[in-house]
Amino acid sequence: MLDGCTPWPAEMAERYRARGYWRGATLGDLPQQWSRQFGERTALVHGKTRISYAELDRRIDRMAAGFRIYGIDAGDRVVVQLPNMPEFVITVFALLRANAKPVFCLLSHRANEIRHLLELTDAAGYVVPGTYQGFDHAAMASDLMTEFPGLRRVFVLDGRVPPGMPQDRDDAFIPLAEVRPPIEETVAGERYERPGAESDVDSAADPSDVAFFLLSGGTTALPKLIPRTHDDYDYQTRAAAELIGLTPDDVYLAVLPVEFNFTWGCPGVVGTLRSGGTVTLVEDPLPDDCFETIERERVTVTSVVPTVAQLWLEAADNPYDLSSLRLIQVGGAPLHREIAERIGPAFDCRLQQVFGMAEGLLTFTRETDPKETVLSTQGRPLSPDDEIRVVDEAGVDVQAGETGELLARGPYTLRGYYRAAEHNTHAFTPDGFYRTGDLVRLTATDDIVVAGRVKDVIIKGGNKVSASEVEGHLLAHPAVERVAVVPMPDPLLGERICAYVRPEGEPPTLAVLREALQGRGVADYKLPDRLEIVADLPLTGLGKIDKKALAADAATKAAGS
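Residues numbered from 1 in each chain as written. Predicted model: local features only at pLDDT ≥ 70, side-chain atom pairs only at ≥ 80, totals over all residues. Heavy atoms only, no water.

Asker: Summarise the pairing of strand β1 (residues 42–46); cite the residues concerned and give the values.
Answerer: Residues in a regular strand point their side chains to alternate faces of the sheet. The element β1 is largely enclosed, with a buried count of 4 among its 5 residues. Between β1 and strand β2 (residues 49–52), which follow one another and run antiparallel, lie 2 residues, and Gly47 among them has a positive phi close to 60 degrees. Summarising the sheet, β1 and strand β13 (residues 278–281) pair through 2 bridges and their orientation is parallel. Looking across to β13, one finds that Val45 is bridged to Thr280. (Buried < 20%, exposed > 50% of the residue type's maximum accessible area, 1.4 Å probe, protein only. Helix = DSSP H or I, 4+ residues; strand = E, 2+ residues; numbered from the N terminus. Pairing = 2+ DSSP bridges.)

If you want it as structure tokens, here you go:
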């Protein structure tokens, strides 16, 4: 296990192996298996680009050898910051095959976040798109290289090397297309070798070792790193693919950023590929682009966050043929009942609610669940060995039906953040349960209902108010199209309730909304105290509402009032 990571206790690891969850597979070897199984079937689609399983494995093999040639060694950490393109998939699996450790990074991250990741991981490599959507990632990497002499190589998707590099670093920038052995393939599927060098670029990785790193999705300024092992991620993607019944006939649309756990492996990209299906990648969740792709590629499954679901619902009256869709997964944030009820009828397909985190635990509603369960809960855990507890502030288990913080451990839930020993003492119980920070309750059928985040609770005059609950009530009003509720500092009450609303038609007044909520039986202390009408709500890089930005805005407004 990589230094700075926390392994599973030996007895738990043995149990997971004995029960068949962990099968000793390494992620870098999976594309070889897929190539043998699915050959010339289409694996990846991006615009007019189509890549078969056989070609995908060949490209991965070539790039794995190329990374070794350019000095990326087994165990090296490499930050990967690429858009939803086949190159992301190829790069990640090539690094895995070379037994390097990809560090997933959002495209929206800039120097502050990248600096943090480079410092935390001692990264030897950094993969960037070059100039993308008006931002010069390569120039940013050039600036950062002066701070991090251990950053040996920057691999650039568009091949552009920024000018003015110091002479001693002028070979540090490598076009990503050149990351390959300096000889041509002679026979399809043949292993690649470099004259005078070892031909074997297989990882020889330990399945229990860290395969790659995901970023935490919390509200802290800088992300924490989540080590995912070959064993646990192989199990997660296999089990999730089986749960939703993926087959070679399925086409998965990757709408959300591919470095998001939801998109990458719930079952997402990896689960679809291991099932022999086709992954279609798009770079923007805009309805017209996505709907045109769904029609053209006959997409059957996709996964979105509630904000994207709302965006699509607003454009549901469109000329595209979306009849191929059989399943829309919605997760990443609470899905309010009013939105959930509209998805199935609007797209004539099944809704699946998904709750989970990059740290591990996933819950899903099932196809056999009653309609009410699908509309009002986030389902049940993926694995029979997922252990969950719901506890109060003292860490005592609450009664069934009561709300408390969710704790979890299991065969794909981390045991500790990377190089975060002090934080881990608070984030985990002594017996290894991860404190998720999510407020939930369990129904009589053991389905999870997410009430919000521990930190998404507004404490107003000593009363605790769930922001998610208030948002759900506000969304029921016909004049509210989108909403986010955040705390606003108050010298007397501690915090007040501020609602940011994107209106539907004529903007409502605060008095109208308060009266409507009272009519729904909402307690007076939960009513919003301030209303901000906005043209739109800010989003994070993962497409979630950026409540941190809204809370900062509310604090500024409170200070100025």
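Asker: Provide a residue-level description of helix α12 (residues 337–347), including the pertinent values.
Answerer: Restricting attention to buried positions, one finds in α12 the residues Ile339, Ala340, Ile343, Gly344 and Phe347. Each buried residue of α12 lies within a common arc of 130 degrees when the element is viewed along its axis, so the set occupies one face. Check the buried side of α12 and you find it contacts α10 (287–297), α11 (306–314), β15 (327–330), β16 (350–356), α13 (371–376) and α15 (467–475). Following α12 by one or two positions, Asp348 adopts a phi angle in the positive range, close to 50 degrees. (Arc of directions from axis to C-beta. Contact = heavy atoms within 4.5 Å.)

Asker: Outline the side chain of Asp234, supporting the account with residue identities and numerical values.
Answerer: By the element assignment, Asp234 lies in helix α7 (residues 230–244). Looking at Asp234, the relative accessible area reads 3%, which means it is buried. One polar contact links Asp234 to Arg274, side chain to side chain, over a distance of 3.0 Å. Setting aside anything within four residues of it in sequence, one finds Asp234 in contact with Ala25, Leu27, Leu30 and Arg274. (Polar contact = N/O pair within 3.5 Å; in protein donor to acceptor, adjacent residues only side chain to side chain.)

Asker: A description of the nonpolar core should follow, citing residues and the corresponding values.
Answerer: Across soluble globular proteins, nonpolar side chains show a tendency to be buried alongside one another. Core analysis: the largest hydrophobic core is formed by 133 residues, its most contacted members being Trp264, Leu273, Trp312 and Ile343. Considering every element that reaches this core, the biggest residue donor is helix α4 (residues 86–97), with 8 residues. In this structure, Trp264 is in contact with Phe88, Val89, Val92, Phe93, Phe104, Phe212, Tyr233, Val258, Val269 and Val270, ignoring residues within four places of it in sequence. (Core = buried A, V, L, I, M, F, W, Y, C linked by side-chain atoms within 4.5 Å.)

Asker: Describe the pattern of salt bridges, naming the residues involved and giving the relevant values.
Answerer: Considering all chains together, one arrives at 42 salt bridges under this definition. With a shortest N-O distance of 2.7 Å, Glu532 and Arg530 are connected by a salt bridge. Look at Glu532 and you get buried, because its relative accessible area is 13%. On the basis of relative accessibility, which here comes to 23%, the residue Arg530 falls in the partly exposed class. The partner of Lys557 in a salt bridge is Asp553, and the shortest N-O contact between them spans 2.7 Å. Here Asp553 and Lys557 lie together in helix α17 (residues 547–560), a separation of 4 residues that amounts to about one turn. Salt bridges linked by common partners bring Arg15, Arg19, Asp385, Glu387 and Arg409 together as one network. (Salt bridge = Lys/Arg side-chain N within 4 Å of Asp/Glu carboxyl O.)

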